[in-house]
Amino acid sequence: MLETDKVFAGSIPENYDRYMVPLIFEPFAADLAQRAASLAPGAVLEIAAGTGVVTRALAPKLAPETRYVVTDLNQPMLDYAATRQAADSRIQWRQADALALPFEDAAFDLAFCQFGAMFFPDRVLAYREAKRVLKPGGHFLFNVWDRIGENIFADDVTNALAEIFPDDPPRFLARTPHGYHDTDLIRRELEEAGFSHVTIETRAEQSRASSPYIPAIAYCQGTLLRNEIETREAGKLQAATDHAASAIAERHGNGAVAAKIQAHVIMAAA
């Protein structure tokens with residue numbers, strides 16, 4: 001992962017929430033929220049919350065007395081998430097680095113993270129931090145994307161951009177969001193961090209959009225792929241987005257489109 005692979009700023013948070021969240025994150029957010037709520041936690045830590053799609057799904061399912069701390073490394077993402085969340089006295093918003101969580105030991109019953117672990121520069125250290133802040137017997141719940149070939153629109157966009165930039169194809173999606181899919185490695189790193197009873201479930205969903213342009217703009221302008229495109233050639237962002245849309249239309253049609261998305265859902269005991 002490059003250092004630039006974790007800087008969500010400018011218009012990216014808004015485009016991410018507007019386009020990426022309904023395209024690929026909402027189905028898995030509902031799943032993660034259901035799993036989290038079933039544990040009936042009294043104190044919850046959300047790590048790498050992004051624009052708060054799981055926060056919005058989980059908060060209504062938690063008991064009135066639950067303490068819910070929502071964190072993200074990127075303050076712009078956290079600020080945007082707070083604007084999207086209904087007023088809730090149970091929720092505390094806090095900027096935090098997953099590698100150095102600013103919380104006491106054994107402070108939470110549940111720590112969870114939706115599609116954030118791929119961005120941790122040192123995953124074992126991040127997992128150790130999650131374990132440290134969990135009470136004995138607490139749970140760590142998170143999900144990560146499967147390989148890019150199992151996530152069709154992401155693969156379509158990556159291949160389309162390689163046609164525009166053949167000498168230096170933007171590889172952010174394959175490198176980082178879809179770069180941590182080896183379930184043996186995930187299990188090994190969790191156990192190295194001290195977790196036990198690791199379960200991993202691979203789950204497929206459908207990514208749906210009203211037109212081919214939606215996934216194109218979602219990936220090209222709502223993720224850090226945007227930075228890679230603009231770095232390669234200033235002013236070519238729109239042309240790259242249009243080319244990605246054309247590639248998706250050629251494969252999936254010009255009307256409403258749908259394609260497979262797939263992720264691993266992981267639970268571990270502290």
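Our structure is the block above this text.
This section reports on the structure supplied with the text. The structure presented is a predicted model; accordingly, all values stated were derived computationally and were not measured. (Residues numbered from 1 in each chain as written. Predicted model: local features only at pLDDT ≥ 70, side-chain atom pairs only at ≥ 80, totals over all residues. Heavy atoms only, no water.)

## What about the packing of helix α8 (residues 213-221) against helix α9 (residues 225-232)?
Step number 1: Interaxial distance between α8 and α9 falls to 5 Å at its minimum, and their mutual angle equals 75°. Classified by the interaxial angle, the pair formed by α8 and α9 is roughly perpendicular. Of the residues in α9, those in contact with Tyr 219, Cys 220 and Gln 221 of α8 are Leu 225, Arg 226 and Ile 229.
Step number 2: Grouping the amino acids of the contact of α8 with α9 by side-chain chemistry returns 4 nonpolar, 1 polar and 1 charged. (Axes fitted to C-alpha atoms, helices over the stretch in contact; angles between N-to-C directions. Helix = DSSP H or I, 4+ residues; strand = E, 2+ residues; numbered from the N terminus. Parallel < 35°, antiparallel > 145°, perpendicular 65-115°, else oblique. Contact = heavy atoms within 4.5 Å. Nonpolar A, V, L, I, M, F, W, Y, C, P; charged D, E, K, R; others polar.)

## Topic: the sheet that holds strand β3 (residues 91-95)
Step number 1: Spatial ordering of the open sheet is given by β3-β2-β1-β4-β5-β7-β6, a layout of 7 strands whose pairing is mixed. What marks the edges here is a single partner per strand, and that holds for β3 and β6 (196-209). Geometrically, the sheet is characterised by an average inter-axis angle of 20° between neighbouring strands, direction not taken into account.
Step number 2: Where strand β2 (residues 67-72) and β3 come together, 5 bridges link them in parallel fashion. When the bridges of β3 are listed, Val 70 appears paired with Trp 93.
Step number 3: Against the sheet, helix α4 (residues 123-133) touches β1 (43-46), β4 (108-114) and β5 (134-145), its axis set at about 145° to β5. (Pairing = 2+ DSSP bridges.)

## Concerning the pairing of strand β7 (residues 257-269)
Step number 1: Within β7, 11 of the 13 residues are buried, leaving the element largely enclosed by the surrounding structure.
Step number 2: Note that β5 and β7 share 7 bridges and pair antiparallel. Its bridge partner lying in β7, Trp 145 is registered against Ala 263.
Step number 3: Note that β6 and β7 share 12 bridges and pair antiparallel. Each residue of the ladder has a partner; that of Gln 206, found in β7, is Lys 260. (Buried < 20%, exposed > 50% of the residue type's maximum accessible area, 1.4 Å probe, protein only.)

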